[in-house]
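Below, each chain spelled out in residue letters.
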Amino acid sequence: MAGNLPRKIKSIAELLQLRSLPDTKHPLISVLNTAELKNQPGHLDIAVTTDFYFIGLGNAAQACLQMKYGHQAYDFDKGMMNFIAPGRVFGFNTGQAEAITSPAWLLLLHPDFLWKHPLALKIKQYEFFDYSVNEALFLSDSEAQTISGLFKNIDQEYRTNIDTFSQGIIISLIEALLGYSARFYQRQFITRNITNHRIVSQLDALLEKAFSEEVLEKKGIPTVKDISNQLNISPNYLSGLLKTLTGNSTQQHIQEKIIEKAKERLIMTDWSVNEIAFELGFEYPQSFSKLFKTKTTFSPLAFRKLGRQ
């Protein structure tokens, strides 16, 4: 392809045909059960972007599409889920396909299927569609049974004759699937204590270094993207993890560090508020004063006066 641009795939039917997979029974939604696939798709070395959502359980993506995302191949296993939003670029493995080792599901969903339903807007609020491949959802056996049951119900409704009730029922099941996924992700943030608390410790260390006088003067206030890149975690996954463990998003952690350093300078130095604002990376002192008052209920000068009494 010219310029190595990814191939734009607009319809579910086009993707299924490209991968030699069974035709969809509905133009805007397709449910694939790997246990029913007689043949695996052939090899295809191409990057694509689509207009629809992917939700995979188990080795669905590997078995159905042999997908790779970014520079990493999907390594689906039993009880593992991944999510891809429309517009994300991914490709396909070109090596020998592996045999299907366990039942798995893949749901392809075009946003138009949700037209005029509240889920059309709500689905965009599920941050896990923007998580990286290494931030998959790992399910317990009971959680996997719950998710698998919802896929089976969606599949059963998908295979029946479409009537005035079927679309609403399918959407309700998809909404339940997403709701359970959000719940299980929150559980994952909590139960993976050692790894996740190590991330929080690494975040604190990064912020401490970022707000050192030398680094701050050179690079300015770190952004959420800067921090997540250094931690090798997607911004949404990092914020979701931090909200669960600490109650604050990544941006709020950065702001808390700003306030901590500002308090030190207000009490320990005689710098003016403007000097402190500029030293902390603010282009406009008014922005610093507004943030400080929002976080502490005191103006910088009032805090200095109170702290020196």
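Residues numbered from 1 in each chain as written. Predicted model: local features only at pLDDT ≥ 70, side-chain atom pairs only at ≥ 80, totals over all residues. Heavy atoms only, no water.

At their nearest, the axes of helix α10 (residues 250–268) and helix α12 (residues 285–296) sit 10 Å apart, and the two run at 100° to each other. Considering their axes alone, α10 and α12 lie roughly perpendicular with respect to each other. When α10 is examined against α12, the residues Gln252, Gln255, Glu256, Ile258, Ile259, Ala262, Lys263 and Leu266 are found in contact with a partner set consisting of Phe288, Leu291, Phe292, Lys295 and Thr296. For the contact of α10 with α12, the per-class residue count stands at seven nonpolar, three polar and three charged. (Axes fitted to C-alpha atoms, helices over the stretch in contact; angles between N-to-C directions. Helix = DSSP H or I, 4+ residues; strand = E, 2+ residues; numbered from the N terminus. Parallel < 35°, antiparallel > 145°, perpendicular 65-115°, else oblique. Contact = heavy atoms within 4.5 Å. Nonpolar A, V, L, I, M, F, W, Y, C, P; charged D, E, K, R; others polar.)

Here we take up unusual backbone geometry. One non-glycine residue, Lys116, lies in the positive phi region at around 70°. Tracing the backbone through its elements, the reader meets Lys116 in the loop between β9 (105–109) and α3 (119–122). For Lys116, a relative accessible area of 75% gives the class exposed. The phi dihedral of Thr297 is positive, around 70°, even though this residue is not glycine. Tracing the chain through its elements places Thr297 in the loop between α12 and α13 (300–307). According to the relative accessible area criterion, Thr297 is exposed, its value standing at 61%. (Buried < 20%, exposed > 50% of the residue type's maximum accessible area, 1.4 Å probe, protein only.)

Inspection of every chain in the model, using the stated rule, returns 18 aromatic pairs. Their ring planes at 80° and their centres at 5.5 Å tell us that Phe83 and Phe129 sit as a pair that is edge-to-face. Residue Phe83 is found in strand β7 (residues 80–84), and its partner Phe129 is found in the loop between α3 and β10 (137–138); the two are separated by 46 residues along the sequence. You'll find Phe83 and Phe129 in the same group, each marked buried. A ring pair is formed by Phe128 and Tyr185, whose centres lie 5.6 Å apart and whose planes are at 15°; its orientation type is stacked. With a gap of 57 residues between them, Phe128 in the loop between α3 and β10 and Tyr185 in helix α5 (residues 166–191) connect regions that are remote in the sequence. Tyr185 shares its class with Phe128; the two are buried. Through a chain of ring-to-ring contacts, the aromatic side chains of Tyr53, Phe83, Tyr126, Phe128, Phe129, Tyr131, Tyr185, Phe189 and Tyr237 assemble into a single cluster. (Phe/Tyr/Trp six-rings, centres within 6.5 Å; stacked < 30°, edge-to-face > 60°.)

Before going further, it helps to spend a moment on the sheet that holds strand β2 (residues 29–33). Strand order in this open sheet of five strands is β2-β9-β4-β7-β10, and the pairing throughout is antiparallel. In the strand order of this sheet, the two ends are held by β2 and β10, each with one partner. Relative to β10, β7 runs antiparallel, the two being bridged by two bridges. Residue Met80 lies in a different strand from β10, and its bridge partner there is Phe138. (Pairing = 2+ DSSP bridges.)

Looking now at the pattern of salt bridges. Pairing of side chains with opposite charge becomes possible as their charged atoms draw close. Applying the stated criterion across every chain, the model contains ten salt bridges. Its salt-bridge partner being Lys122, residue Glu175 comes within 3.6 Å of it at the nearest N-O pair. Note that Glu175 is positioned in helix α5 and Lys122 in helix α3, a separation of 53 residues in sequence. You can call Glu175 partly exposed: its relative accessible area is 25%. Linking Lys257 and Glu260 is a salt bridge whose minimum nitrogen-to-oxygen distance equals 3.4 Å. With Lys257 and Glu260 both in helix α10 and three residues apart, the pair spans about one turn of that helix. Look at Lys257 and you get buried, because its relative accessible area is 9%. Assessed through its relative accessible area of 35%, Glu260 is described here as partly exposed. Three or more residues are tied together by salt bridges with common partners; here these are Glu208, Lys257, Glu260, Lys261 and Glu264. (Salt bridge = Lys/Arg side-chain N within 4 Å of Asp/Glu carboxyl O.)

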